[in-house]
Amino acid sequence: GETEEEEEEEQKPINAVATFEEKYIAIASDDHSVKLFTKEEGKEGEKKWQFKRNVTRFALPAKCVAFSVDGKLIACGGEDTMIKVIDVETSEIKFSLKVPSKGIKSLQFNGENKSVLVASDVDGVMTMWTLQPDNSDKTDKNDYDEPGDVKLRATVCPVTEIDATECMNTVSVRFDGKVVAVPGRENNIEFFNLETFKEIDERKNL
């Protein structure tokens, strides 16, 4: 009946999950929201995961979510033409990063300094943004990078659909935050240096 339809409408699919230690879980779902869960102590002294709040909402379904290494930031995106970088504690949007694509497939921060965000989209484009620029080697202030600047946009991944499971275009940042690997278009893997923002041609140079 009507109640069943309402329940079915409420139960939107979860598209992505991100965790930070045993402190936070974030989920991105088809109801356009990114939800935050924290461990709270129950009546019997046991700690259980509890819904804390909606971190943000999009106009269209949210498809991917990631925590920074220190758990202070969440990056999320989906079918909107925007990625949001949000302060976990306050839900303040730190960055709104525009993308030309209509679907973000995957995103990830680099290492402990949270200085770079990498994302891939349905058009096979990988984009890198600098969030905390290092301008120490630049003498001319006109050459300084600004927070949120695009450092590299490269068409290297396969073209796919937003819900295609056979082609996820997942970006994977190395544990030290210096290299990112992404799927290539010829059944291969492409590597990029997150310090120089250049492609790495040979695996021996990793």
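Here, the structure is the one placed above.
Values in this document were obtained by computation on a predicted structure and should not be read as measured data. (Residues numbered from 1 in each chain as written. Predicted model: local features only at pLDDT ≥ 70, side-chain atom pairs only at ≥ 80, totals over all residues. Heavy atoms only, no water.)

1. Examining the packing of aromatic side chains
Phase 1: For the structure shown, the criterion picks out four aromatic pairs.
Phase 2: With 5.9 Å between their ring centres and 15 degrees between their planes, Y24 and F67 make a pair best called stacked. With a gap of 43 residues between them, Y24 in strand β2 (residues 24–29) and F67 in strand β5 (residues 62–67) connect regions that are remote in the sequence.
Phase 3: Of the residues examined, F67 reaches a relative accessible area of 11% and is grouped as buried.
Phase 4: Between F37 and F51, the ring centres sit 5.7 Å apart and the planes meet at 70 degrees, which makes this aromatic pair edge-to-face. Residue F37 is found in strand β3 (residues 33–41), and its partner F51 is found in strand β4 (residues 47–57); the two are separated by 14 residues along the sequence. (Phe/Tyr/Trp six-rings, centres within 6.5 Å; stacked < 30°, edge-to-face > 60°. Helix = DSSP H or I, 4+ residues; strand = E, 2+ residues; numbered from the N terminus. Buried < 20%, exposed > 50% of the residue type's maximum accessible area, 1.4 Å probe, protein only.)

2. Focus: the sheet that holds strand β13 (residues 172–173)
Phase 1: One open sheet holds the four strands; their spatial order is β13-β14-β15-β16, and the pairing between them is antiparallel. Strands at the two margins of the open sheet, each flanked by one partner only, are β13 and β16 (198–200).
Phase 2: Note: strand β14 (residues 179–183) against strand β15 (residues 189–193), five bridges, orientation antiparallel. Looking at the pairing, V180 lines up with F192 of β15. (Pairing = 2+ DSSP bridges.)

3. Let's talk about the pattern of salt bridges
Phase 1: For the coordinates displayed, the defined rule picks out ten salt bridges.
Phase 2: For K52, the salt bridge identified is with E40, shortest N-O distance 3.9 Å. Here K52 is found in strand β4, whereas its partner E40 is found in strand β3, with twelve residues between them in sequence.
Phase 3: Its relative accessible area of 32% is what places E40 among the partly exposed residues.
Phase 4: If you follow the salt bridges from partner to partner, you end up with D30, K63, E79 and D163 in one network. (Salt bridge = Lys/Arg side-chain N within 4 Å of Asp/Glu carboxyl O.)

4. Notes on the sheet that holds strand β6 (residues 73–78)
Strand pairing in a sheet relies on backbone hydrogen bonds. The paired strands run either parallel or antiparallel.
Phase 1: Spatially, the four strands line up as an open sheet ordered β5-β6-β7-β8, and their pairing is antiparallel. Unpaired on one side and paired on the other, β5 and β8 (93–98) mark the two borders of the sheet. When the angles between neighbouring strand axes are averaged without regard to direction, this sheet yields 15 degrees. (Axes fitted to C-alpha atoms, helices over the stretch in contact; angles between N-to-C directions.)

5. Here's the deal with the environment of E22
Phase 1: On the secondary structure map, E22 appears in the loop between β1 (14–20) and β2.
Phase 2: On the basis of relative accessibility, which here comes to 60%, the residue E22 falls in the exposed class.
Phase 3: Residues E22 and K39, spaced 17 residues apart in sequence, show a C-alpha to C-alpha distance of 7.4 Å.
Phase 4: The residues contacting E22, other than those within four sequence positions of it, are K39 and W49. (Contact = heavy atoms within 4.5 Å.)

6. A look at the nonpolar core
Phase 1: Judged by nonpolar contacts, the single largest core of 17 residues is most densely connected at V34, L36, V65, F67, I74 and C76.
Phase 2: Elements with a minimum of two residues in this core: β1, β2, β3, β5 and β6.
Phase 3: The contacts of I74, once residues within four sequence positions are left out, are A26, L36, V55, V65, A66, F67, K84, V85, I86, V88 and F109.
Phase 4: Within the second largest apolar cluster, 16 residues are counted, among which are L73, F95, I104 and L117. (Core = buried A, V, L, I, M, F, W, Y, C linked by side-chain atoms within 4.5 Å.)

7. A look at the pairing of strand β7 (residues 82–87)
Phase 1: For β7, the buried fraction is high: five of the six residues fall into the buried class.
Phase 2: Bridge count between β6 and β7: four bridges; the pairing is antiparallel. Its bridge partner being in β7, A75 is matched across the sheet by V85.
Phase 3: Remark: three residues form the turn of the hairpin made by β6 and β7, two consecutive strands paired antiparallel.
Phase 4: In the sheet, β7 pairs with β8 via five bridges, with the strands oriented antiparallel.

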